[in-house]
There are 2 protein chains.
Amino acid sequence: MKHEYSIAIIGATGNAGHKTLQILEERNFPVFSVHLVASAGSVGKEMSFRNHTLKVQHFSDIDFSGIRLVFFCGGNALAQQYICDVTKKGCVVVDKSSYFRLDPKVPLVIPEVNGDVLQKGAPLGIVSTPNCVATPLIMTLEALSHIASPKRAVVSTYQSVSGAGRRAIDELYIQTKSLLGGGGTVAAEIFPKRIAHNVIPVIGDILGNGITEEEEKISFEVCKVLKSDVKIAVTCVRVPVFIGHCMSVACEFKGPVSENDAFEVLENLDGIICLDRRDNGGVFATPIDVQNEDAVYVSRIRRDHSVKNGLIYWIASDNLRKGAALNSVQIAEEMIRRDPSLALFQRRNRLLSKHALFR
Amino acid sequence: MKHEYSIAIIGATGNAGHKTLQILEERNFPVFSVHLVASAGSVGKEMSFRNHTLKVQHFSDIDFSGIRLVFFCGGNALAQQYICDVTKKGCVVVDKSSYFRLDPKVPLVIPEVNGDVLQKGAPLGIVSTPNCVATPLIMTLEALSHIASPKRAVVSTYQSVSGAGRRAIDELYIQTKSLLGGGGTVAAEIFPKRIAHNVIPVIGDILGNGITEEEEKISFEVCKVLKSDVKIAVTCVRVPVFIGHCMSVACEFKGPVSENDAFEVLENLDGIICLDRRDNGGVFATPIDVQNEDAVYVSRIRRDHSVKNGLIYWIASDNLRKGAALNSVQIAEEMIRRDPSLALFQRRNRLLSKHALFR
């Protein structure tokens, strides 16, 4: 008998939630039923799935004990508030927020890179998907590690506004339209300064050591997924692009590397497409080229002659797909492949239940 | 008697030419007369200078033997065609193009950094101003070299469209307006792909080694101005911003560096303003903040813990000012300070004239 799953998407009306629903349909994920959950302001909104019209519900209106798989597409505050509750009800959660990513009991997974960590299950009932910059970066470093171990990577990002939510998209649109229409400047609300025709070199709060939350996440997540001590020096910058994150990567390796070898190993990793070869006239990928594409595109691969063993390259990928929703759905597919009952990934409640006897 | 100079601006109607005229007026440069030179299509256009209306002329209509100082604001093809002609007439040329920058007989000058090289004059009658990314980068590296020698810098740029000329500004404007107005995509002409709400990781042609012309220029010019063998690994990226170039810099040094020391030495270089100190809540500069500002702004200074002695920082500056026109005018000011007759900077013609006897 074919397994089909009762699913909930928490944060269904946001960029990642909406994209998750779309990708579940595209990939013909074995869905038995879908519940869409969002904040009170969105309750009652309609979204379509396989020719059905679904209504958005409030968290408190849903009986999670009947749901097997939850895609959590909200932020950290909501993750803290809701995720443990639903795992206690037996749900398996694929979490897009950063709240649990660095917890040693929570697998942080890119299926093409470290899907094998799922063989141990998920002790808390939670599997996290990495940051939208970290995911494509990790994929390239994993591929290149087949030539030589990455030692240090200097990364600068060009991140689109969709990574900051639906209201961020509106902010770029409204500000740009007003500027070009002669309506003057519309005040920044989501971003710390005007984003229209500007770039902002700060994403998230600046921490005590001068790096931002976003930059810290990326460094830590790369090391966790790759089980590596590779050093990442990253500057995260928001650019006035709607969808698609890019980054320049200058990576130093522990041994020799060549452009041709890099091209081969990158192409060999599922989910990566290499566009660039010198004899191909310098093809390269920009955000608008990769919008709605599943693959992570690598181009402008070249030797970095400023170090002994170095490569520089350019990554472009759809931050809402591989950077978020697609990777989440692929994690769920990988879990199902390993244990169609998903029991392996449910919270291990027995000990907790025993303790409950003493409450 | 106060010296005043007969001046010509070649390429007067372009972004840099227009800005040069404006800055000559702002800084009260000792001008006796101004000739504005541009291509046939612009001849007859009017531009204002100190309440005078000046008409744009064609190159062939001007007697350069009566002109002392030429600001050349065109590209390489025109530089090759015209500059030697005017130096033969005795003109001293401040050249914004890249054509002569790496010629060992042509001083490449940022007055705050290496104005002293002008004490030897200019044997070809030409002084070049560096690339608009190289100039601010060099200023920061020069300042930081007072703490420790820079060994290697990994740089990623966020370059505005104004660096590509007036038609590039129009292209961004028209494409953006059409997209947001529902008019669809307007084909790219100046840039290799759509620039509106996109970023393009290629500036100039891609050379045989995989780096672009723009990237190569920057590496070479940094070394020439600093008389240093610092290695520069740079990725140049065009962003949909009208004015203002930014870059992230991760610099490794030969000795220890601290954020506080970096702040002090950067602030001590004329022409740099440091915005950032941790205790100041993370102030930072974006392109719209630095538009029409003379200073190069440095912010987000932080230790780079991925190397032993490293700093990461963010530069923002007006590419049309310090990156082009302002530096050119400052070069002229520095020449006048050293030799008001400018004879020191005229082409050394005697040998050539002698040879001419045998022609």
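Further up the page is the structure itself.
Attention in this report is confined to the structure presented alongside it. (Residues numbered from 1 in each chain as written. Chains lettered and ligands numbered in written order. Predicted model: local features only at pLDDT ≥ 70, side-chain atom pairs only at ≥ 80, totals over all residues. Heavy atoms only, no water.)

1. Some words on the overall build of chain A
Then, number 1: Helix and strand counts for chain A come out as ten helices and 13 strands.
Then, number 2: For a compact globule of 359 residues, the expected C-alpha radius of gyration is about 21 Å, and chain A comes in at 21 Å, within 12% of that figure.
Then, number 3: Across its three principal axes, chain A shows a C-alpha extent of roughly 65 × 55 × 45 Å.
Then, number 4: Here chain A, with 359 residues, has 58% of them falling under the buried criterion.
Then, number 5: A separation threshold of at least 6 residues defines the contact pool for chain A, and within that pool the share at least 24 residues apart is 68%.
Then, number 6: As presented, chain A carries roughly 14300 Å² of accessible surface, and 49% of it is formed by carbon and sulfur atoms.
Then, number 7: Across chain A, the centroid of the 41 positively charged side chains sits 5 Å from that of the 38 negatively charged ones. (Helix = DSSP H or I, 4+ residues; strand = E, 2+ residues; numbered from the N terminus. Rg over C-alpha atoms; globule rule 2.2 N^0.38 Å. Buried < 20%, exposed > 50% of the residue type's maximum accessible area, 1.4 Å probe, protein only. Contact = heavy atoms within 4.5 Å. Areas by Shrake-Rupley, 256 points an atom, 1.4 Å probe, with all protein chains shown as cover. Lys, Arg positive; Asp, Glu negative; His and termini not counted. Charge placed at Lys NZ, Arg CZ, Asp CG, Glu CD.)

2. Considerations on the relation of the copies chain A and chain B
Then, number 1: When chain A is brought onto chain B, the operation consists of a screw motion whose angular component is 180° and whose axial shift is 0.0 Å, with 0.0 Å RMSD remaining. Expressed as an axis order, the relation between the two copies is that of a two-fold axis.
Then, number 2: Most of the interface of chain A is mirrored in chain B, where 100% of its interface residues again form contacts. (Least-squares fit on C-alpha atoms with pLDDT ≥ 70 in both.)

3. Considerations on the packing of aromatic side chains
Then, number 1: This model, assessed by the stated rule, comprises 13 aromatic pairs over all chains.
Then, number 2: Look at A:Phe29 and A:Phe71: their rings are 6.3 Å apart centre to centre, the planes differ by 80°, and that puts the pair in the edge-to-face class. Taken as a pair, A:Phe29 in the loop between helix 1 (15–26) and strand 2 (31–37) and A:Phe71 in strand 5 (residues 69–72) lie far apart in primary sequence, 42 residues in all. A:Phe71 carries the same exposure label as A:Phe29, and that label is buried.
Then, number 3: Seen in terms of ring centroids, B:Phe59 and B:Tyr82 are 4.0 Å apart; in terms of plane orientation they differ by 35°. Their pairing is tilted. On the criterion of sequence distance, the pair formed by B:Phe59 in the loop between strand 4 (52–57) and strand 5 (69–72) and B:Tyr82 in helix 2 (residues 76–88) is long-range, its members being 23 residues apart. An identical accessibility class is assigned to B:Phe59 and B:Tyr82; each is buried.
Then, number 4: Three or more aromatic residues joined by ring pairs make a cluster, and in this case those are A:Tyr158, A:Trp314, B:Tyr158 and B:Trp314.
Then, number 5: Just above the ring of A:Phe284 sits the side chain of B:Lys193; from NZ or CZ to the centre is 4.8 Å. (Phe/Tyr/Trp six-rings, centres within 6.5 Å; stacked < 30°, edge-to-face > 60°. Lys NZ or Arg CZ within 6 Å of the ring centre and 35° of its normal.)

4. Regarding the environment of B:Glu4
All names here are of chain B.
Then, number 1: Mapped onto the secondary structure, Glu4 falls in the segment before strand 1 (5–10).
Then, number 2: Taking the C-alpha atoms as reference points, Glu4 and Phe32, separated by 28 residues in sequence, lie 5.0 Å from one another.
Then, number 3: Non-local contacts of Glu4, meaning those with residues more than four positions away in its chain, are made with Pro30, Val31 and Phe32.

5. Points about the sheet that holds strand 7 (residues 126–128) of chain A
All names here are of chain A.
Then, number 1: Here seven strands make up an open sheet; going across it, the order is 3-4-2-1-5-6-7 and the pairing mixed. Each of the sheet's edge strands pairs with one partner strand only, and the pair in question is strand 3 (46–49) and strand 7. Sheet twist, expressed as the mean angle between neighbouring strand axes with direction ignored, is 25°.
Then, number 2: Examined bridge by bridge, strand 1 (residues 5–10) and strand 5 share four bridges and lie parallel to one another. Considered in strand 5, the bridge of Ile9 is made with Phe71. (Pairing = 2+ DSSP bridges. Axes fitted to C-alpha atoms, helices over the stretch in contact; angles between N-to-C directions.)

Function cannot be inferred from these measures alone, as they are strictly geometric.
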